[in-house]
Amino acid sequence: MTLRLRNDKGQTLPLYVWLVGILLFVAFVFFVFAKAAVARSGAQSAADAAALAAAKEARKELLVQVIAGIPSGAWVLPLEGETPPVTNGAASAAQLAKQNKSHLDGAPQATFVASDFAIKAKVETDYTVGDSLVPGTEKKHAKADATAVIEPRCHMIADVPTKVVKFYCEGSGMWDIDPKTFNAGDLPTAKDLFKVHLAE
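Keep in mind it's a predicted model, so treat the numbers as computed, not measured.

Q: Help me out: how do you make sense of the nonpolar core in this one?
A: Soluble, globular proteins show a tendency: their nonpolar side chains are buried together. Trp 75, Leu 79, Ile 150, Phe 167, Ile 177 and Leu 193 are the most contacted members of the largest nonpolar core, which totals 40 residues. With 12 residues, helix α1 (residues 2–69) is the single largest residue contributor to this core.

Encoded structure:
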């Protein structure tokens, strides 16, 4: 009887060691995947912030275009998506990426989502994914991209350059602008004219 118990213990110990090793390996694999997921999530957050910052910068230019076009009646063109902004908001995008421990992967690019202006930003994290079972990943940086849409809030009521310009904006209501006597303070803000959001 004593001999059999000793033999059973001798057979159980290697099995126990093997099971513990398997559990430690599985835990390590999950840890590696978790680190990679965190890095990807951080990159996506940085890309979202960069795209939104770039789009908000471009929105300011659209406001200038609206103001410049009021005397001639061309003010409506930016609201209809016919006059895209020139800027890509690179400076603002780079700043927001930096705040999220990342950097731009090339300059933001102007594009369209449906018929609306949009800015696409690509980023790469300053930090790496970290050690894993795959050689070389300790030096690999996470990448992500995001697109922010600049969507008009307003639509034209009247477009007669010699008369009062009228347009309605979602959220701020009706606007009446006299092309002969208006000043910039009479106009809605860039936020009133365009809303910025991430593309779905």
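Q: I tried to follow the confidence of the model for the chain on my own but got confused; where do I start?
A: Caution applies to low-pLDDT regions: their predicted coordinates should not be interpreted in detail. With 74% of its residues at a pLDDT of at least 70, the chain reaches an overall mean of 80. Across the chain, the element-wise mean pLDDT spans from 73 in α1 up to 95 in strand β8 (residues 194–198).

Q: Is there a simple way to think about the packing of aromatic side chains in this case?
A: Aromatic ring pairs: the centre-centre distance and the angle between the two ring planes describe each pair. Under the definition given, this model contains two aromatic pairs. With a centroid separation of 5.0 Å and 35 degrees between ring planes, the pair formed by Trp 75 and Phe 167 is classed as tilted. Placement of the pair is Trp 75 in the loop between α1 and α2 (76–79) and Phe 167 in strand β6 (residues 165–169), with a sequence separation of 92 residues. Across this residue pair, the class does not change: Trp 75 and Phe 167 are buried. Seen from their ring centres, Phe 112 and Phe 117 are 5.5 Å apart, and the 55 degrees between their planes marks the pair as tilted. Overall, Phe 112 belongs to the partly exposed group, its relative accessible area being 46%.

Q: Mind showing me how you'd approach the pattern of salt bridges here?
A: This model, assessed by the stated rule, comprises four salt bridges. Across the pair Glu 57 and Lys 60 runs a salt bridge whose closest N-O atoms are separated by 3.8 Å. In this pair, Glu 57 and Lys 60 are both assigned in helix α1, three residues apart and thus about one turn of the helix distant. The partly exposed category is assigned to Glu 57, whose relative accessible area is 28%. A salt bridge links Glu 124 to Lys 143; the shortest N-O distance between them is 3.8 Å. In this pair, Glu 124 is assigned in strand β3 (residues 116–128) and Lys 143 in strand β4 (residues 141–152), connecting sequence segments 19 residues apart. The exposure class assigned to Glu 124 is buried, which follows from its relative accessible area of 18%.

Thresholds applied
- Numbering of residues begins from 1 in every chain and follows the order in which that chain's sequence is written.
- At least 70 in pLDDT is required for a residue's local features to be given in this predicted model, at least 80 for side-chain atom pairs to be given and counted, and no such filter applies to totals for whole chains, interfaces and linings, which use all residues.
- In computing side-chain properties, one takes all heavy atoms of the structure into account and sets aside hydrogens as well as water.
- The set of buried Ala, Val, Leu, Ile, Met, Phe, Trp, Tyr and Cys residues whose side-chain atoms join them within 4.5 Å is what this entry labels a nonpolar core.
- Relative accessibility decides the category of a residue: with a 1.4 Å probe and only protein chains considered, values under 20% of the type maximum give buried, values over 50% give exposed, and everything between is partly exposed.
- For the purposes of this entry, the term helix denotes a DSSP run of H or I that reaches at least four residues, the term strand denotes a run of E that reaches at least two, and both are numbered from the N terminus.
- Scored from 0 to 100, pLDDT reflects the predictor's confidence in each residue.
- Two aromatic rings, drawn from Phe, Tyr or Trp (for Trp, its six-membered ring), form a pair once their centres lie within 6.5 Å of each other, and the interplanar angle then sorts them: stacked below 30 degrees, edge-to-face above 60, tilted otherwise.
- One speaks of a salt bridge when a side-chain nitrogen belonging to Lys or Arg is within 4 Å of a carboxyl oxygen belonging to Asp or Glu.

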